[in-house]
Amino acid sequence: MSRFLTAVFIAVFTLPALGASIVPAPPQLDAKAYLLMDAASGKVLVGHNADMPLPPASLTKMMTAYVLAAEMEAGRIAADDMVSVSRNAWSQNPVFNGSSLMWIEPGMDVSVADLERGIVISSGNDATVAIAEHIAGTEAAFADMMNSYAEALGMSDTYYQNSHGLPAPDHITTARDLAILARAMIKNFPEHYKIYAEREFTYNDIRQYNRNSLLGEDPSVDGLKTGYTREAGYCLVASAERRDMRLVSVVMGTRSPNARKNQTRSLLNYGFRFYETTTQFAEGGALDEVRVWKGVSDTLSVGVQEPVVLTLPRGKEKHLKTVVTKNESIIAPLAVGDALGSVALVLDEETLYETPLVALEAVEQAGFFARLWDSILMWFSKLFSA
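Let us look at the structure shown here. Please read all numbers here as calculations on a predicted model, not as lab measurements. (Residues numbered from 1 in each chain as written. Predicted model: local features only at pLDDT ≥ 70, side-chain atom pairs only at ≥ 80, totals over all residues. Heavy atoms only, no water.)

Next up on the list: the sheet that holds strand β1 (residues 33–38). Strand order in the open sheet made by the five strands is β2-β1-β9-β8-β7, with antiparallel pairing throughout. The two strands at the open ends of the sheet, each matched to only one other strand, are β2 (44–48) and β7 (221–229). Recorded for the sheet is a direction-independent mean angle of 5° between the axes of neighbouring strands. Taken together, the eight bridges between β7 and strand β8 (residues 233–242) define a ladder with antiparallel strand orientation. Bridging from a neighbouring strand, valine 221 pairs with alanine 240 of β8. Its contacts with the sheet place helix α10 (residues 257–274) against β1, β2, β7, β8 and β9 (245–254), and it is angled at close to 145° to β9. (Pairing = 2+ DSSP bridges. Helix = DSSP H or I, 4+ residues; strand = E, 2+ residues; numbered from the N terminus. Axes fitted to C-alpha atoms, helices over the stretch in contact; angles between N-to-C directions. Contact = heavy atoms within 4.5 Å.)

In structure tokens form, the structure reads like this:
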């Protein structure tokens with residue numbers, strides 16, 4: 001009987017604690033490709049065919065809007081600049097037949113600010129061409145700019161041939177590259193990113209609604225973009241923030257608008273339920289103090305150069321260990337940032353992150369006799385530690 005009671009005790013009080021840190025398998029989605037990424041750390045939590053080249057449809061406009069934001073932040077164009085609409089950008093251009101439009105016409109002067117909303121909210125193909133021609137002269141030249149930005153961001157499997165995403169040979173991207181782009185927009189251009197949360201835009205007396213229906217159903221969702229062509233299927237890149245954690249999800253090649261929405265919701269709920277974002281090491285905070293030889297000071301505070309952001313299974317942070325390894329002999333002169341060892345973050349015997357242990361303050365070299373005395377002390381220290 002006592003053995004039975006012991007087994008019951010273990011089952012009741014031990015298994016729940018173990019179960020609290022167990023992460024189940026991610027949801028299996030009916031999509032060609034999908035990915036879930038922590039926006040702060042860049043860690044991929046879920047991925048399926050994440051590097052498969054696929055047509056991006058209107059998800060292309062995320063890069064068009066990114067280039068536009070970059071040009072505005074650089075001061076090369078301004079929100080109140082007026083753009084003259086060409087026939088190429090005309091809403092009645094046969095190329096745009098049946099596609100999303102802002103409804104601009106040749107000869108109109110449209111502000112950059114309105115065109116930005118026409119791209120992001122209305123998903124206007126006409127607006128993208130107007131911006132492309134305004135920034136680069138031609139849409140082909142703008143596509144070259146898009147590819148340059150993609151390369152700079154590390155979107156290694158993406159190639160753009162136009163600014164809007166209508167089908168074109170070799171116009172491709174991947175779920176991983178789209179997550180990288182979304183993360184860059186959120187981090188680099190937060191004021192421009194806010195436009196993705198706007199649910200409607202009226203231009204030329206035509207009110208249009210943001211096709212990202214999660215904006216009205218989930219208050220944590222504040223971006224980004226939908227896309228559809230027959231070749232691409234229904235696609236959605238979304239971002240949401242809950243409890244100081246931001247996730248980016250990418251779903252490509254689903255069967256319907258509801259499918260892309262519901263599958264995105266499944267990914268986000270899974271990530272927020274079973275993971276958390278944690279920041280280790282305060283910026284400039286000392287982790288340890290080390291002995292300094294031949295310096296005007298005998299000790300030195302050491303730490304890491306910047307905080308470390310990690311994504312962990314929820315509840316696992318308390319098991320995270322910090323392992324500090326210091327160089328055997330640290331000799332002045334020393335400058336702030338000099339590497340003096342390493343710092344590792346270890347969870348369940350696995351090293352999750354390693355970074356240099358650095359000097360947090362400078363130490364000047366001591367005078368001749370002080371250095372000589374320290375040389376003697378160092379010799380004795382090594383002798384007795386051998």
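Moving on, we get to helix α3 (residues 61–73). Taking 1.5 Å of rise per residue, 13 residues should cover 18 Å, and α3 covers 18 Å from first to last C-alpha, within 8% of that figure. Here α3 lies mainly inside the structure; twelve of its 13 residues are buried. Among the residues of α3, those classed as buried are Lys61, Met62, Met63, Thr64, Ala65, Tyr66, Val67, Leu68, Ala69, Ala70, Glu71 and Met72. Where α3 ends, the next residue or the one after it, glycine 75, has phi of about 85°, a positive value. (Expected span 1.5 Å × (residues − 1). Buried < 20%, exposed > 50% of the residue type's maximum accessible area, 1.4 Å probe, protein only.)

We now examine the sheet that holds strand β12 (residues 299–303). Strand order across the open sheet formed by five strands is β11-β12-β16-β15-β14, with antiparallel pairing between neighbours. Only two strands of the sheet have a single neighbouring strand rather than two, namely β11 (286–291) and β14 (321–326). Along the sheet, successive strands turn relative to each other by an average axial angle of 30°, direction set aside. As judged from the two bridges shared by β12 and strand β16 (residues 350–359), these two strands associate in the antiparallel manner. Across the sheet, glycine 303 pairs through a bridge with valine 358, a residue of β16.

Within the structure shown, the criterion is met by seven aromatic pairs. Consider the rings of tyrosine 228 and tyrosine 234, whose centres lie 4.2 Å apart with planes at 25°: the pair is stacked. Here a set of aromatic residues connected by ring pairs shows up, and it is made of Tyr66, Tyr149 and Phe189. Over the ring of tryptophan 293 we find arginine 291, and its NZ or CZ is 4.0 Å from the ring centre. (Phe/Tyr/Trp six-rings, centres within 6.5 Å; stacked < 30°, edge-to-face > 60°. Lys NZ or Arg CZ within 6 Å of the ring centre and 35° of its normal.)

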